[in-house]
Every structure is written in C-alpha cells, then in structure tokens.
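Commentary on secondary and tertiary structure
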Amino acid sequence: MARIAGRFARVEPRRRVGRLVLGLLSDLPRKNCWTIAEWAGESTPDGMQHLLGRAKWDADQVRDDVRAYVVEHLRDDQAVLVVDETGDVKKGTDTVGVQRQYTGTAGRIENAQVAVYLVYAGRRGHAAVDRELYVPRSWTSDPDRCRAAGLGDTTEFATKPQLAARMVTRFLDAGHRAAWVAGDEVYGGNPTLRAALEERGTGYVLAVACSHEVTTGAGKFRADTLAGKVPKRAWQKLSAGSGAKGHRFYDWAVIDLTDPRPGSRQLLIRRNRSTGELAYYRCYSPAAVPLTTLVRVAGSRWRVEEFFQSGKGLAALDEHQVRRYPSWSRWVTLAMLAHAFLAVVRANEHDRDPAPDALIPLTCNEIQRLFITLVIRPAFDPVHRLGWSDWRRRHQARSQTSHYRRQAART
C-alpha cells in the first residue's frame, strides 16, 4: 500500500483504498462496496462508492505500480507474458461493455462483459500486470452510450488481439523485459499481433486452429495436414509443466517454417497421449531455441487460467457491481494488486522457508487464510452490526417504494 500511496493526494482516499484492498483479501462470502464497508467498520458504503466512482486518482498509474511490483518480486529473464480474456455474466444493458457475446466463463453466449488480461509468468510465480476492457462495436458506434458509461466520445473499437498488443507494448515501453508471449487461437490467428511481437524482437508461442496455413520448404499447408506427415520418430514425450496431479506429459513435434525475415519460425504440434487430440502453435524466436523451450512456453498458458480462478476466488476480480468504466478499471486494478500481494508472499515464503516433504508448499489460498486469521480479521461491537442492519433495511425500503411508484405509473 505504501507503493501506491503517492497516487492519492488526500489522506482520506489513501486510507480508504487500504481498507478496500484488505476487504478484497477478506473471507467475506460476497465482496462489494456494501459488504466491504461494513466489514471495514464504516457506517455506510458511501465512502467506498465515492472512492471507486468520483474520487480523484488515476487507476492507470496504480496499474503501473502493480506491474512494477510484480516484475520486481517475480523477475525472471525467461518470463512469459500470457494474454487471455475472461467474461463476467451481467444483467441489463447499462454496464459498460455489456452485450450478448461468447464467454468461456459460462461456456456459451451470454449477456456479459469481457476483459483481456496480461499475466507475467516466471519461475517464482505469476500475477496480472495489465487489463483492458473489450468494448464491442455496439458501444463504440454509440457516442452517447459511451459518454454515459465514462468511456469518452472518441472511444474506438479494438479487437482482442489489438488490446493484447497494446498491453504488451505498454509493458515493454515501461522498460520491463519478457522473453516470450503466449496465448490461445484468438491471438495466434492474428497476423498483425504476430508481426508486432516480431518487430519488438519478442518470442511467442501462440495457439492456432487446425485450419491455419503455414509455409514450409515444401510449400503451403494446413496445420492438420502437416501433422499427418510427421513420422513417428519425430514425436517426443515432454512435460508441459507440473499440475495438481503431477507432470502434464504430451507428445510433441516441431516443423520448421520458411520466411525471408530474420528469426526462427516453427509450427509446434502437441498430441494428447490418451486421446490423440492435436493442438497447434505458431512459434517465433529471434534465435533458434530447443524444443524443450517451446514446450515450456506453450505450457505456461495455463498460468492465466490459474490467475482467473484465484483472482476471482481470492480477490473478487469479478464481483464488481459497477456500471461505469472508471469504477470498473479501479476495482479490477485493486483486485490485481490484492492478488499480486498473495503471489509475491507465496514466492518469498517458498524461497525463505521451503516446505518439508510432509507438506505441500504454501499456496495463495492458504496464505490468504493465514493473513485473514493472523492479521486483518476485524471485530466490531453489536452497535456497529445493528447500525448496518438499519442502513440496509432503510435503503431497501426506499428501493421498494421507488419500484412500486414506477409500477403504478405504468398501470
């Protein structure tokens, strides 16, 4: 919190943002301005709502602080920047960026808000370092709607790969280094993103579809066609990294691609040893690297899924109940900071006090439990609890009266 304190000119928001971040790390079953304000000892949620909506501070500056904090503590010369999007299912049409669209969270088309995240993944751990809200064309083509949501009249449509390129560029322009970028087919199938990474000399291992076409010394082929031509002796059994149930072993093969530009380019193919299912990756590196390196980078992509799971489960990344863009950017940035704190503590504890054979290493979940129990669990008297009960019921009564009046006016 000392790292971001300078972003708040007044002492009140500086103290309140500390209480909000602690609330995000708490064991509240549901985290929003109401519940966190009550948990933090405030008499109403007005202060928390003001912090997210109207107080003067720049969420992008805090994002830069989060990025520097993560890189400083999880630094790795061979770190991978993993890019992916996640969706939050929403009701109504007023929440910024919402429309009916596919989201992996629900596994189908839903009324949802989608954001793209950039995760820094190294040997010591991983955490998000940037975020961009995906704003559909249905929003960018309506300036009045954008203005009402705090986006600004000149907001232009950007695809998810364009948002990814924007975040990677910000990361590199800030003076940080990452050897690789990884992502799924949404990003691997975009030639503009690949060209932008190659221009910066940043290697990538990006998934592509089976129909993706590549050029070899023998001509241009679909990825699945080339997979059918790989001889048995070319497949190697390698681990894509350790998971909850041990190493994730697959069969791998790599095919060199031809390109007149500098650098090394390959098509990487992964085969499931049980089902035979194939996955394909477009690879680039400034200089040739061994197959084991490409496999390591490809296997790093699961880190972003783990961030989504722990960021939502431990730091309330998806529990924001805000409609305007400034409030959304502030909430998710502070949630990223809360999660980054857990990731850094975990990395430091692993280095300082390795777990004995009878124990697994400390996880972010266990660190949160210990932190709640030993450091931040507040205790308030019955007067505080009863005061909040009165406040909730008073607010609900006003809402009920307003609803009945609207209903009566329609009839």
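Refer to the structure above for everything that follows.
Residues numbered from 1 in each chain as written. Predicted model: local features only at pLDDT ≥ 70, side-chain atom pairs only at ≥ 80, totals over all residues. Heavy atoms only, no water.

1. Examining the environment of Ala-9
Our working definition: Comment: elements are numbered from the N terminus, with helices defined as DSSP H or I runs of at least four residues and strands as E runs of at least two.
You can see Ala-9 is positioned in the segment before α1 (11-24). Spatially, the C-alpha atom of Ala-9 lies 8.0 Å from that of Lys-56, the residues being 47 residues apart in sequence.

2. Concerning the packing of aromatic side chains
Going by this rule: Stacked, edge-to-face and tilted are the three classes for Phe, Tyr and Trp ring pairs, Trp counted by its six-membered ring, which pair at centre distances within 6.5 Å; planes under 30 degrees apart are stacked, over 60 edge-to-face, the rest tilted. Three exposure classes are used, based on accessible area relative to the maximum for each residue type with a 1.4 Å probe and protein chains only: buried under 20%, partly exposed in between, and exposed over 50%.
Here the structure, examined in full by the defined rule, presents 11 aromatic pairs. Seen from their ring centres, Tyr-134 and Phe-157 are 6.0 Å apart, and the 75° between their planes marks the pair as edge-to-face. On the criterion of sequence distance, the pair formed by Tyr-134 in the loop between β4 (125-133) and α5 (137-140) and Phe-157 in the loop between α6 (143-148) and α7 (160-173) is long-range, its members being 23 residues apart. You can call Tyr-134 buried: its relative accessible area is 13%. Judged by centre distance (6.3 Å) and plane angle (35°), the ring pair of Trp-252 and Tyr-281 falls under tilted. Note that Trp-252 is positioned in strand β10 (residues 246-256) and Tyr-281 in strand β12 (residues 278-285), a separation of 29 residues in sequence. On the basis of relative accessible area, Tyr-281 is assigned to the buried category, the value being 7%.

3. Examining empty space enclosed by the protein
Selection rule: In this analysis the probe radius is 1.4 Å and the grid spacing 1 Å, with only protein atoms considered; a cavity is a set of points the probe fits into but cannot get out of, a pocket is an open set with protein on both sides within 12 Å along at least five of seven lines, and lining residues have an atom within 4 Å of a point. Grid points are joined across faces, edges and corners, and a volume is the space filled by probe spheres set on the points. When residues are sorted by character, Ala, Val, Leu, Ile, Met, Phe, Trp, Tyr, Cys and Pro go into the nonpolar class, Asp, Glu, Lys and Arg into the charged class, and all the rest, Gly among them, into the polar class.
On inspection of all chains with the given rule, the structure shows one cavity of 30 Å³ or more. Estimates place the volume of the largest cavity at around 60 Å³. Lining the largest cavity, in full, are Thr-86, Asp-88, Gln-113, Val-114, Ala-115, Tyr-117, Lys-312, Leu-317, Asp-318, His-320, Trp-328 and Val-332. Of all the elements in the fold, those that place two or more residues in the lining of the largest cavity are β1 (80-89), β3 (108-122) and α13 (325-352). The residue inventory of the lining of the largest cavity, partitioned by class, reads six nonpolar, three polar and three charged.

4. Focus on the pairing of β3
The side chains of a regular strand alternate, residue by residue, between the two faces of the sheet. Stated formally: For two strands to pair, DSSP has to find at least two bridges joining them.
Across the 15 residues of β3, 13 count as buried, placing the element largely inside the fold. Pairing of β1 with β3 involves 10 bridges; the strand directions are antiparallel. Across the sheet, the residue bridging to Leu-81 is Tyr-120, located in β3. In this sheet, β3 lies alongside strand β2 (residues 99-103) in antiparallel orientation, the contact comprising five bridges. Along β3, the bridge assignment pairs Gln-101 with Glu-110. Between β2 and β3, which pair antiparallel and follow one another directly, the connecting turn spans four residues, one of which, Gly-107, has a positive phi of 75°.

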